[in-house]
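Spelled out from the first residue to the last, the chains are:
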Amino acid sequence: MALPMIREIFAQVFKRPATNPFPARFLPPSVTEFLKKVGAGEATINPPVATPPNFRGKIVYDRDGCIGCNLCIRVCPAHAIEFIPETKRIRIYVAQCIFCSQCNDICPKGVLTMSPEFLLATEDRFAESQIVE
Amino acid sequence: MSEGTPTKKAPYVVPIGPIHPALKEPVQFLFDMEGEVVKKADFAPGQAHRGIEWMGMRRNPIQIIHMTDRICGICGVTHSFAFARAIEQIVDIEVPAHAEYIRVIIAEFERIQSHLLWAGVAAHELGFDTLFYLAWRVREEAMDVIEYITGNRVNYGLIQVGGVRRDITPEQHPTIQKCLDGYRDLLGKMLNLFLKDTTIAIRCKDCGLLSFEEARNLCTVGPTARASGVPKDVRVDYPYSAYGDLDISPILPTAYGGDINGDVYDRIVVRLLEVAQSVEIIETCLKEMPEGPILWEPKLPKLLSACKKAQGEAVGRHEAPRGECLHYVAMDGHEAPAMWKVKASSYSNLHSWIPMLEGEQLADVPIIVASIDPCLSCTDRVAVIRGAKRDLMTKEDLHQLSVEKTRRIQGC
Ligand code: SF4
Ligand code: SF4
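Numbers given to residues run from 1 along each chain, matching the order in which its sequence is written. Chain labels run from A onward and ligand labels from 1 onward, assigned in the order the entries are written. Local features are withheld for residues below a pLDDT of 70 in this predicted model, meaning they are given only at 70 or higher, and side-chain atom pairs are given and counted only at 80 or more; totals for whole chains, interfaces and linings count all residues. Excluding hydrogens and water, the side-chain figures rest on all heavy atoms present in the structure.

**Details of the overall build of chain B**
Then, number 1: A run of H or I in DSSP becomes a helix once it reaches four residues, and a run of E becomes a strand once it reaches two; helices and strands are each numbered from the N terminus. Helices and strands together make up the secondary structure of chain B, namely 17 helices and ten strands.
Then, number 2: Note that the radius of gyration is over C-alpha atoms, with the globule rule given as 2.2 Å times the number of residues to the power 0.38. Its C-alpha atoms give chain B a radius of gyration of 23 Å, near enough to 22 Å, the size a compact globule of 412 residues would have.
Then, number 3: Overall size of chain B, expressed as C-alpha extent along the three principal axes, is 80 × 70 × 35 Å.
Then, number 4: Here's how the labels work: a residue is buried when its accessible area is under 20% of the maximum for its type, exposed when over 50%, partly exposed in between, all with a 1.4 Å probe on protein chains only. For chain B, the proportion of its 412 residues judged to be buried stands at 55%.
Then, number 5: Residue contacts are defined here by distance: any two heavy atoms, one from each residue, within 4.5 Å place the two residues in contact. Across chain B, contacts joining residues at least 24 apart in sequence account for 69% of those joining residues at least 6 apart.
Then, number 6: As presented, chain B carries roughly 17600 Å² of accessible surface, and 55% of it is formed by carbon and sulfur atoms.
Then, number 7: Residues counted as positive are Lys and Arg, residues counted as negative are Asp and Glu, and His and the chain ends are not counted. The location of each charge is read from NZ of Lys, CZ of Arg, CG of Asp or CD of Glu. Considering chain B, the positive charge centre built from 46 side chains and the negative charge centre built from 55 side chains are found 6 Å apart. Methods summary: accessible areas were calculated by the Shrake-Rupley approach with a probe of 1.4 Å, and residue burial reflects only the protein chains presented.

**Let's talk about the site of ligand 1**
Then, number 1: Any residue with a heavy atom positioned within 4 Å of a molecule or strand is treated as near that molecule or strand. Lining the immediate surroundings of ligand 1 are Ile59, Cys76, Pro77, Ile81, Ile92, Cys97, Ile98, Cys100, Ser101, Cys103 and Met114 of chain A.
Then, number 2: Each residue receives one of three labels: charged for Asp, Glu, Lys and Arg, nonpolar for Ala, Val, Leu, Ile, Met, Phe, Trp, Tyr, Cys and Pro, and polar for the others, Gly being one of them. For the shell around ligand 1, a count of residues per class yields ten nonpolar, one polar and no charged.

**Description of the site of ligand 2**
Then, number 1: Ligand 2 sits among Tyr61, Cys66, Ile67, Gly68, Cys69, Asn70, Cys72, Ile90, Cys107, Pro108, Val111 and Leu112 of chain A.
Then, number 2: Classifying every residue of the shell around ligand 2 by side-chain character gives ten nonpolar, two polar and no charged.

**Here we look at the UniProt feature "binding site: Mg(2+)" (unreviewed entry) in chain B**
Residues and elements named next belong to chain B.
Then, number 1: On the UniProt side, "binding site: Mg(2+)" (unreviewed entry) is annotated at positions that read Glu53 and Val342 here. Taking the farthest pair of C-alpha atoms as the criterion, the annotated set spanning 290 residues converges on one region, since that pair is 7.6 Å apart.
Then, number 2: Take glutamate 53: it is sitting in helix 1 (residues 52-56).
Then, number 3: Among the residues examined, glutamate 53 registers a relative accessible area of 9% and is labelled buried.
Then, number 4: By the element assignment, valine 342 lies in strand 8 (residues 339-343). UniProt positions are given in the numbering used here, feature names are shortened, and annotations may be inferred rather than shown by experiment.

**A look at the pairing of strand 2 (residues 28-34) of chain B**
Residue and element names in this part refer to chain B.
Then, number 1: Residues of strand 2 alternate between two faces, with Phe29, Phe31 and Met33 buried on one and Gln28, Leu30, Asp32 and Glu34 left unburied on the opposite face.
Then, number 2: Should DSSP find at least two bridges between two strands, the strands are regarded as paired. Where strand 1 (residues 12-16) meets strand 2, five bridges bridge the pair, whose relative direction is antiparallel. Paired with isoleucine 16 across the two strands is phenylalanine 29, which belongs to strand 2.
Then, number 3: As defined by bridge partners, strand 2 adjoins strand 3 (residues 37-44) across seven bridges and the pair is classed as antiparallel. When the sheet's bridge partners are listed, methionine 33 is paired in strand 3 with valine 38.
Then, number 4: Counting the residues that bridge the hairpin from strand 2 to strand 3 gives two residues, and of these glycine 35 lies at a positive phi of roughly 65 degrees.

Okay, structure coming up:
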């Protein structure tokens, strides 16, 4: 019986796990309670794996530089951008955005960028954190 | 018991799916069983249809490119590559050589991660979870490099019509090279762990057989075809992109020394050796990558208007990790294509399940089903739902519908 895996298993016993335990080093009884504590400053989070350079996270919009040219809306595959005629500016719904950064590429003024922020989940898709304008 | 009396004896019908823990993706199987043996097998795909083509026909090519990234959960570049090639033929775009090399590099990294993912799944289906964890751990190296080059792990967003959106700079070469060296060292170990293991050999040899003739007649593609000895590979047969500059040949199970049996074991052999081939390809591409721009037209509004003006139809093909992937696009002078059709590689391979499964034991079903590396979210393109009823339409049904519509239009 050939079992070449045996050696590998023994070697693994002495190695550190490849998985980064997140958000806590040891599983808390309730993750929601744990995150509440983190919010209150009573506990610390075990940081996530660092994002790579060029990572495409939550979109950032500098409204002062925008000229309201609408080009970003033309290329957005997810229809996540809305034009506001009164102010001639745009509004981005992060919950709908697919993080392709195509709008960043086409913007003639370079006022759209992708930040490394990625912990974006909420229960309300229209929450303040989910709308960029 | 006389003829016609309902019998409580075999064959029994065992349904598996559409959703079942043993299946990684939704598909329904029906097996006529006699004891443990599958006498007759049938399957019904079409459980994961999402209407992506419909969405695409209401969007411009630059938007569609990002949707193609999301057709498959594993292949982040395959579909965008094939789609971009179709558009480039219609609009008559010449992709800069530098960009072609970057496309090939990322496509081969994709093959590495996809084959290792498959190897892990195969080990898991056999109940060999230690090997599953090992395969998925080493797969992360490729995922990390993909993330390093493109910015994200799964939806790379790398391909643009007429080139790529991100460059591979000389500063990035050492990191990529380190990953490749890692895989080169690892390959001997992986071959040893998978192919020398007695349990894997017992479970996979002579299991799920697909003969050369069956593989050819059913038009199977990719590693499934090659494991049965059909030497086909789009990269070699119809060289495109930078593949024309490379010296590659399709990998057959004989490359590992043995005969061609067309069993599950051979499919493992082919995929593992293809990982080694991809490492070689990436290395050559890194060395020989010519300098130049990465896009045919960096000004996207110009690209959009060029696409809008174009008329014609084309087929874009790419050898995905699972075999040939094909996109048909027709443009008629509008923003959005008049027609867009996706044929994923698994679509060609699903039919080979029937000859593979018949005559095998029920316990072999999971590994045989997994052995063609099916990807159903890519494949499912048509589902018919009327009210609460859901059914499949035959050619006759469609013909009848068409006749009825003609009558209706004529008003008679
Ligand atoms: S990143 Fe993509 S999906 Fe998100 S707003 Fe920009 S174009 Fe739309
Ligand atoms: S493309 Fe840039 S400048 Fe134009 S509307 Fe969008 S954000 Fe504003």
